[in-house]
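Residue-level structural notes
One letter stands for each residue in the lines below.
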Amino acid sequence: MGSELLAMKHITKSFPGVKALDGVSFDLNQGEIHALVGENGAGKSTLIKILAGVYPHPQYGGQIILDGSERRFANVRDAENAGIAIIFQELSLVKELSVAENIFLGREPRRLGVINWSALYSRAEKLLQDLHLSIDSRAPVQNLGIGQQQLVEIAKALSQEARILVLDEPTAALTEAEVETLFEILRKLRERGVAMIYISHKLDEVFQISNRITVLRDGQSIGTEPTSSLDEARVISKMVGREVDQIFPEAKHPHGEAVFEARNITVEDPTVPGKLLVDSVSFFARKGEVLGIAGLMGSGRSELLMAIFGAHPARKSAEISIEGKQIQIANPYDAIKHGIGFVTEDRKRYGLILDQTILKNMTLAGLRRLSGRFFTDEDAEAAAGERAARDLRIKAPSVYTETGTLSGGNQQKVVLAKWLLTNPRVLFLDEPTRGIDVGAKQEIYHEINRLAAEGLAIVLVSSELPEVLGLSDRVIVLHEGRVTGEFKREEATPEAVMSCATGRRLAA
Amino acid sequence: MNQPISGRLKLRTSALRAYTMLAALIVIWLFFQWATIDQYHPFGLFLGPVNFSKLLQQMAVTGVLAVGMLMVIVSGNIDLSIGAVVGLAGGIAALTQGWGLVPCLAFAILVGLVIGAFQGALVAYFNIPAFIVTLGGLESWRGVILKLTKGATIPVELPFFRSLGRDFIDPRIGFVLAALGVAGIVWTNIRRRRARQRHGLTPLTAGAIVARIAIPSLVLIAFIFLMNKAGGVPIPVIFLLAVALAGAFLTANTTFGRYLYAIGGNPDAARLSGINLKRYVLAAFCVMGALAGLASILHTARVGSASPDAGTLMELDAIASCVIGGTSLMGGRGTVFGAVLGALILASLDNGMSLLNVENWAQYVVKGGVLVAAVGFDMFGRRKT
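Residues numbered from 1 in each chain as written. Chains lettered and ligands numbered in written order. Predicted model: local features only at pLDDT ≥ 70, side-chain atom pairs only at ≥ 80, totals over all residues.

1. Some remarks on the overall build of chain A
We count it as follows: In this description a helix means any DSSP run of H or I spanning at least four residues, a strand means any run of E spanning at least two, and both kinds are numbered starting from the N terminus. The globule rule used here is 2.2 Å times the number of residues to the 0.38 power, and the radius of gyration it is set against is calculated over C-alpha atoms. To assign burial, the other C-beta atoms lying within 10 Å of each residue's own C-beta are counted, with C-beta atoms placed from the backbone; 20 or more indicates buried, 12 or fewer indicates exposed, and intermediate counts indicate partly exposed.
When helices and strands are counted, chain A shows 18 helices and 22 strands. Taken against the 2.2 N^0.38 rule, which gives 23 Å for 508 residues, the C-alpha radius of gyration of chain A at 25 Å falls within 12% of a compact globule. Considering only C-alpha atoms, chain A reaches an extent of 70 × 50 × 50 Å along its principal axes. Split into buried and exposed, the 508 residues of chain A put 48% on the buried side.

2. Structural notes on the overall build of chain B
Quick note on the threshold: Residue pairs qualify as contacts under a 7 Å threshold applied to their C-beta atoms, which are placed from the backbone.
Each helix and strand in chain B was counted, giving 15 helices and two strands. Here chain B has a C-alpha radius of gyration of 22 Å; the compact-globule value for 385 residues is 21 Å, and the two agree. Taking the principal axes of the C-alpha coordinates as reference, chain B spans close to 75 × 60 × 40 Å. Residues classed as buried in chain B amount to 43% of the 385 residues present. Contacts spanning at least 24 positions in sequence make up 78% of the contacts within chain B whose residues lie at least 6 apart.

3. Structural notes on the interface of chain A and chain B
Our working definition: Put simply, Ala, Val, Leu, Ile, Met, Phe, Trp, Tyr, Cys and Pro go in the nonpolar bin, Asp, Glu, Lys and Arg in the charged bin, and everything else, Gly too, in the polar bin.
If you look at the interface, chain A gives 38 residues, while chain B gives 32 residues. Those elements that place two or more of their residues in the side of chain A that touches chain B are helix 10 (332-337), helix 11 (347-351), helix 13 (367-370) and helix 14 (378-391) of chain A. It is helix 14 of chain A that provides the largest number of residues to the side of chain A that touches chain B, a total of seven residues. Tallied by class, the residues present in the side of chain A that touches chain B amount to 22 nonpolar, six polar and ten charged.

4. Quick look at the environment of Ile87 of chain A
Residues and elements named next belong to chain A. On the secondary structure map, Ile87 appears in strand 6 (residues 84-87). The class for Ile87 is buried, based on 20 C-beta atoms found within 10 Å. When the C-alpha positions of Ile87 and Arg369 are compared, they lie 48 Å apart, and in sequence the two are 282 residues distant. When neighbours within four sequence positions are excluded, Ile87 is seen to be in contact with Gln150, Glu153, Ile154, Ala157, Leu165, Val166, Leu167, Asp168 and Pro170.

5. Points about the packing of helix 3 (residues 82-95) of chain B against helix 5 (residues 130-149) of chain B
In a pair of packed helices, the angle between the axes and the distance between the axes together describe the arrangement. Residue and element names in this part refer to chain B. Worth spelling out the cut-off: A fitted line through C-alpha atoms serves as each axis, taken over the contacting stretch for helices, and the angle formed by two N-to-C directions is quoted from 0 to 180°. Our angle categories are set so that under 35 degrees counts as roughly parallel, over 145 as roughly antiparallel, 65 to 115 as roughly perpendicular, and the remainder as oblique. The sense of a crossing depends on the near helix, which, turned anticlockwise from the far helix by less than a right angle, makes the crossing left-handed and, turned clockwise, makes it right-handed.
Where helix 3 meets helix 5, the axes come as close as 8 Å, and the angle between the chain directions of the two elements is 20°. If you check the angle between helix 3 and helix 5, you find them roughly parallel. Read as a crossing pair, helix 3 and helix 5 show a hand that is left-handed. Here helix 3 contributes Gly83, Ala84, Val85, Gly87, Leu88, Gly91, Ile92 and Leu95 to the contact with helix 5, which in turn contributes Gly137, Leu138, Trp141, Arg142, Val144, Ile145, Leu148 and Thr149. Residue composition of the contact of helix 3 with helix 5, grouped by class: ten nonpolar, five polar and one charged.

6. Some words on the sheet that holds strand 13 (residues 258-268) of chain A
Residues and elements named next belong to chain A. Rule in force here: A pair of strands counts as paired when DSSP detects no fewer than two bridges linking them.
Read across the open sheet, the four strands follow the order 14-13-16-17; overall the sheet is antiparallel. Edge strands, defined here as strands with exactly one partner in the open sheet, are strand 14 (276-286) and strand 17 (325-327). Across the sheet, the axes of successive neighbouring strands diverge by a mean angle of 10°, strand direction being ignored. In this fold helix 9 (residues 301-308) packs onto strand 13, strand 14 and strand 16 (315-322), with an angle of close to 110° to the strand it touches most, strand 13.

7. Quick word on the domain arrangement of chain B
Defined as follows: Delimitation of the domains relies on an automatic or database domain assignment.
Examined at the domain level, chain B breaks down into domain 1 (57-167 + 234-384) and domain 2 (169-233). Each of domain 1 of chain B and domain 2 of chain B has a C-alpha centre, and these two points are 28 Å apart.

8. A look at the packing of helix 8 (residues 232-240) of chain A against helix 18 (residues 494-501) of chain A
Residue and element names in this part refer to chain A. Axis separation between helix 8 and helix 18 bottoms out at 9 Å; the angle between their running directions is 115°. Helix-helix and strand crossings are classified by hand; for helix 8 and helix 18 the assignment is right-handed. Across the interface between the two elements, Ile236, Ser237, Met239 and Val240 of helix 8 pack against Pro494, Glu495, Met498 and Ser499 of helix 18. Taken together, the residues of the contact of helix 8 with helix 18 break down into five nonpolar, two polar and one charged.

9. Considering the pairing of strand 20 (residues 457-461) of chain A
All names here are of chain A. The buried fraction of strand 20 is high, at five of five residues. Side chains Ala457, Val459 and Val461 project from strand 20 onto one buried face, and the interleaved Ile458 and Leu460 project onto a second face that is buried too. Note that strand 19 (residues 426-430) and strand 20 share five bridges and pair parallel. The residue of strand 20 that forms the bridge with Phe428 is Val459.

10. Notes on helix 14 of chain A
Counted only if it meets this: Expected span of a helix: the number of residues minus one, times 1.5 Å.
Compared with an ideal rise of 1.5 Å per residue, which puts 14 residues at 20 Å, helix 14 of chain A spans 20 Å between its outermost C-alpha atoms and is within 8% of the ideal. The complete set of buried residues in helix 14 of chain A reads Asp379, Glu381, Ala382, Ala384, Gly385, Glu386, Ala388 and Ala389 of chain A. Lining the buried residues of helix 14 of chain A we find helix 12 (358-363), helix 13 and helix 15 (408-420) of chain A together with helix 7 (171-198) of chain B. At the C-terminal side of helix 14 of chain A, Arg393 of chain A shows a positive phi close to 55°.

11. Considerations on the domain arrangement of chain A
A common way to report how large an interface is uses the accessible area buried once the components associate. Its domain assignment divides chain A into domain 1 (4-240) and domain 2 (287-299 + 339-501). For the side of domain 1 of chain A that touches domain 2 of chain A, a count of residues per class yields four nonpolar, five polar and one charged.

12. Thoughts on the nonpolar core
Applied cut-off: Only buried Ala, Val, Leu, Ile, Met, Phe, Trp, Tyr and Cys residues enter a nonpolar core, and they are joined through C-beta atoms within 7 Å.
Counting residues in each nonpolar core, the largest one holds 256 residues, and the members touching the most others are Ile458 and Val497 of chain A together with Val64, Leu65 and Leu291 of chain B. The element contributing the most residues to this core is helix 12 (residues 277-303) of chain B, with 17 residues. Apart from the residues within four sequence positions on either side, Ile458 of chain A is in contact with Val290, Leu291, Leu427, Leu429, Ile448, Leu451 and Ala452 of chain A.

13. Digging into the sheet that holds strand 21 (residues 474-479) of chain A
All names here are of chain A. With respect to topology, six strands assemble into an open sheet ordered 18-19-20-15-21-22, the strand pairing being mixed. Strand pairing shows two members of the sheet lacking a second neighbour, strand 18 (340-343) and strand 22 (482-488), which therefore form its edges. Recorded for the sheet is a direction-independent mean angle of 20° between the axes of neighbouring strands. Helix 15 rests against strand 18 and strand 19 of the sheet, and its axis sits at about 170° to strand 18.

14. Points about the environment of His446 of chain A
All names here are of chain A. Mapped onto the secondary structure, His446 falls in helix 16 (residues 438-453). A tally of 15 C-beta atoms within 10 Å means that His446 is categorised as partly exposed. Considering only alpha carbons, one finds His446 and Leu471, 25 residues apart in sequence, at a separation of 9.5 Å.

Here's what the structure looks like:
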C-alpha cells in the first residue's frame, strides 16, 4: 500500500433539521480500495458529495487534504480536475452516443475546431485495451449491458487521469459474471496505484475486494480497520450498534385473522430482461398488525408493493387475496376498490400534485367515495378533508394551501390522509418518514400505531432499521428480491435482521 | 404551534391571477375608450354597444375553441389540428346543407368529435406525443378539405344556418335570460350556504354572500342592457356563454375535471391514485373535437361560406388565449374563466387596434408581445412566492 493520498478531516455537514455528518474523518492511500459501509442515511453519500464538489466549500465544515495540501472545491469540475471521479449508481452516459464519444464527451480531440474522429476512436481503443476490455468503441452505449456500461464509465474516469475513483454501489445491477470482471479490473487498477473508495451494501463483496473498511453510522465514523482484522458479523454490529430509540411508542396490537395475502409476486427488471427484482415473494398481513419489510436499497421492497398495487409495468406473477377471497388487481384502481391504500415513497414524485391544494390532494384517491361519481361536492370534500387535517395535525393556514409550500412532514401527512380517505383495509407505507424531521416522524409513528389499533393491517417498508424494528409486530427481510428471513417482534434484533438483509440466509 | 387548520374560503393564488388579468383587461379597455374619443364620440367609441357587440362576435369562435383547448392543455397535451378541423367540419356542414339544417349541423359536430376521438386515441393508447399527432392532423385534415371541396368556396344557403353567426336574440328574451341567470346565481349561493352548514363548515359572512350574489348579477344585467341597445345579444355570444359555463362546470365541479388537473399536474401521482389516464386524455380530446365542430358552425355562419382555408391559425389563437389566461403549457394549471378572458383580451386588442387604424404589421407585433409579456409576468410573480 502506498502513501496517503487523501485525508478528509472532521467533516461536518448539516441540512435543515438534520446533521448529516458530524466530524467524520476518512483517509485514502495510493493503490488502496477503501470500503465505506453503513445503513441508508448513515452519511455515505453526503461524504462523497462533499469530496466531489457537489456541496462546495463553505457549505461543509472540516478539511479536504489532497497530496498534503488543503483543497476547496468550488464545483464538480474542480474536483474532477483534481483527479477525483465518481461513478454513481445511476450511470451518466449518453445512451445514443458511441462508447468513444461518451469517454471523451466535452473533451473531444479537435483539429481546427473540428472533432478529429480518427484520434477519438484510436485513443478510446487504446484505453479499452489497457483495461483488457473487449468493447467496441464505436458501439452505441445503449447496446451494451449495464455491466459493460459501468466499465465504460470507469474507462472514462481513467481517461480524465482520475487518481481517486469512487464507486457507489457499482454491482447493484450486475450479474455475478459481470461482478467478477469488474473486480478483476479494480484489482488491476489498484496495482497501478489508483486509489478507490468502494461503497456497497453487499458485505461479501466488500470483504472480497477491500483493504480497509470504514463504518459510518448516524453521520459519525465508527472506526476504520484493515479488512483482514474484521469479519461480517463485527461490521454488522458496528453498522447497527445503537439501541432502538425511545421514540417508538410501545404498542401491543391484538392481532386478528389475516386480511391480506400475497403469493408468488415476481417482478422482472424492465431494463434488464431476465433479471428478477422480486422473485416469488409471498407474505400475509393480519388485521391490527404492523408487518415490517426490511431490506437494503435495491432489495426489491418498493417493487414488491408496486407490483401488488398493479402499478409495476414488469410484473410477472401475482396472486392476491383479501379476507380469503382471491382478487384480480390489474391497476391501482382495482387495488383501491379492494381496500388497499398505498402511501408511496418519494412523495413529490409519486404522492402529491404540488401545485394543488391540500384538500384536492387529500381527496384525489377517494374522490368518487367522498364527493360523487360524476359531480363533485366541494363542501363534502372540505368537511372530510378538514377532519383528516385536524386528526393528523397538519400544520397549514388552511386546507386550501398549496401542498408545495408545506414542510416535508406535513406533505407526508397529506399523502397519508389521501389514503386514509379511501377507507382502506390494508395500508402499505413505503418509506413513510423519509426526509422529515424528528417531531413529524414521531407523529407518524403514533398514527401508525393508532391505525393498527383500530384494526387496519399495515405493511411498512423502511430503510431505517430502527423504524422497522420499533414499529413492527413481525418483520420479513428481503435481499435481492427474495425473502431471506422472518422474525417475530421479540426475535428481531438489529444484528439478525441486518445479516439477512446483507444476504446471509437464515438457517431454516 | 400545533394550530389545526380551519378551512375558510380564502383568496387563492389562482384567483389572484384571475384578478390580475381582469385588471389588465380593464386597462386595455379604458385605453382604447380614451383613444377613440373624437368629435362624434365624446365618450369614446370602443365600449359603445355597437362596437362592443361586434368585438364579442369576433371572439366567439376563438372563445369556444379556447374552452376545449384549455382542457387538452390542462391534461398535459396540446391540439394543433383544430384550425384544420374547423375548416373541415365547416366544409362538411356546407356540403351537406341539402340534407336539412339539423343533419348538416349535427354532422359538423360529429366530424369534430370523431377526429378528436381518433387523435385522442393515438395520443392516449398509442403513446404518440400530442404535438406530433395533431401536427399531422393539421396537415392531413386540411388535405381532406381540399379533396372534398375541390378547392372551392361553398356558400351557406340555409337562412337559419347563416343567422346563427349573424343574428341577435330578441331583447325581451335577453331580459328573460338575465332574470334566469340572476335566479341561478341566488339559488347556487343559498344552496352552497346550506351545504356548508350541513357539513359543519364555517359559514360565509353575510357580506361575502351579498357580494357573491350582487357582483355577478350586476355584471350580467349591465351586459344584457348594453347588448340590447345594439339589437340584442348576438347568437354566437349566447353559444360562447353556454360553452364557457358548461366548461367551467365540467372542469371545476366534476370528477372528470379534477382528474384532468391531476393528470397534468403529476401523471405518476394520478395513476397511483387509481385514475385511468388514457380514458380521461381521450375524453379531453373528444370534448375539444366536438367544440371545434361547434366553432366551425359559428365561423361558417358568420363568414357566410366555407372556404378551403377557413380556420387557418385558429389553433394558435386558442392556445394564446389559454396562455394569456394563465394556463401552463406543462399541464395542471389553468381555468376556463382565464381562457375566455384571454380570448377577450386578444379580441379587444384586435378590435381596438383596427379602430385606431394601427397598421397590420404593428397589430401582429403587439399581439405577440402581449402573449410573451403575459407569461413573463406570470413567471415573475410565481418566482416570488
